[in-house]
Amino acid sequence: MRTLKLEMQVSLDGFTASADGDASWMIWTWSEDWPWDEDLRAHHNRLTTSSDCILISGRMAEEGFFEHWEQVASDAENPQSTFAAAIVATSKLVVTRTIQRSRWKNAELLRGDLADGIARLKLEPGKDILVYGGPTLASALLDAQLIDELYIYINPTALGQGRKMFKDIRTRAELVPRNATCYQCGVVVLEYGVKHPASS
């Protein structure tokens, strides 16, 4: 069975963005400037290329996810172009209730039952599945007991308030520590396996 991996950037106190959606406090905000050190870049590249399917929210799709990475991939001088090209080439699944049809390259829509759709996807042959949050999608996946691994990129900034990493849930899953690495740029990456309780 394929593994579903969640990658998410958060603040030191567990927020994904400020209350108004600002993410400028992140060391890297997906901008052209890439302040991450070489080891963290390599970690991110490995995680990206370990998967052949990317799962994103409809909101991320509408906000320019596809267009951004296509532009980055087209610039061979950009150090981000390697994993950007992998993102562009990889099949994408957009979780949405409002978008009627996909207008993006290598992208399909998941409009039906989330748990059923992802459960079927995990049974298909292929490499792993990588999820880029939003908190709404991340919470839904965790609550449905679909996430197998967490990769949490902690930035050295405390926000005090903002958009929580997980929305209005208390996980019933057991988080199994696998690795914790502090990188030179200041980001700490926590890696967990996720053991879900057996269904009754």
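Our structure is the block above this text.
Everything quoted here is computed from the prediction, not taken from an experiment.

**Section: the overall build of the protein chain**
Scanning the protein chain from terminus to terminus reveals six helices and ten strands. Buried residues in the protein chain amount to 46% of all 200 residues. Carbon and sulfur atoms make up 49% of the accessible area of the protein chain, which amounts to about 10400 Å² in all. A gap of 7 Å separates the mean positions of the 21 positive and 27 negative side-chain charges of the protein chain.

**As for the side chain of Asn 155**
When you line up the elements, Asn 155 lands in the loop between strand E7 (149-154) and strand E8 (163-164). For Asn 155, a relative accessible area of 0% puts it in the buried group. A polar atom in the side chain of Asn 155 sits 3.1 Å from the side chain of Gln 9. Here Asn 155 is in contact with Gln 9, Val 10, Ser 11, Leu 12, Trp 25, Met 26, Ile 27 and Val 187, once residues within four sequence places are set aside.

**Here's the deal with unusual backbone geometry**
Most peptide bonds are trans, and most residues other than glycine sit at a negative phi. You will see that Trp 30, though not glycine, has its phi angle at about 70°, which is positive. Following the sequence through the fold, Trp 30 ends up in the loop between strand E2 (15-17) and helix H1 (38-49).

**Overview of the sheet that holds strand E6 (residues 128-132)**
One open sheet accounts for eight strands, arranged E5-E4-E3-E6-E1-E7-E10-E9; its pairing is mixed. Edge positions in the sheet fall to strand E5 (107-110) and strand E9 (174-182), since each of these pairs with one other strand and no more. Between one strand axis and the next, the sheet turns by 25° as a mean value, whatever way the strands run. Alignment of strand E1 (residues 4-10) against E6, held across four bridges, turns out to be parallel.

**Side note on the environment of Lys 5**
With respect to the helices and strands, the residue Lys 5 is situated in strand E1. Assessed through its relative accessible area of 7%, Lys 5 is described here as buried. When the C-alpha atoms of Lys 5 and Tyr 151 are compared, they prove to be 7.3 Å apart, with 146 residues separating the residues in sequence. Once residues within four sequence positions are removed from consideration, Lys 5 is found in contact with Leu 47, Ser 50, Asp 128, Ile 129, Leu 130, Val 131, Glu 149 and Tyr 151. Here Ser 50 takes part through its side chain, which lies 2.9 Å from a polar atom of the side chain of Lys 5.

Thresholds, definitions, all that
Residues numbered from 1 in each chain as written. Predicted model: local features only at pLDDT ≥ 70, side-chain atom pairs only at ≥ 80, totals over all residues. Heavy atoms only, no water. Helix = DSSP H or I, 4+ residues; strand = E, 2+ residues; numbered from the N terminus. Buried < 20%, exposed > 50% of the residue type's maximum accessible area, 1.4 Å probe, protein only. Areas by Shrake-Rupley, 256 points an atom, 1.4 Å probe, with all protein chains shown as cover. Lys, Arg positive; Asp, Glu negative; His and termini not counted. Charge placed at Lys NZ, Arg CZ, Asp CG, Glu CD. Polar contact = N/O pair within 3.5 Å; in protein donor to acceptor, adjacent residues only side chain to side chain. Contact = heavy atoms within 4.5 Å. Pairing = 2+ DSSP bridges. Axes fitted to C-alpha atoms, helices over the stretch in contact; angles between N-to-C directions.

Purely spatial values, then, with no claim about function.
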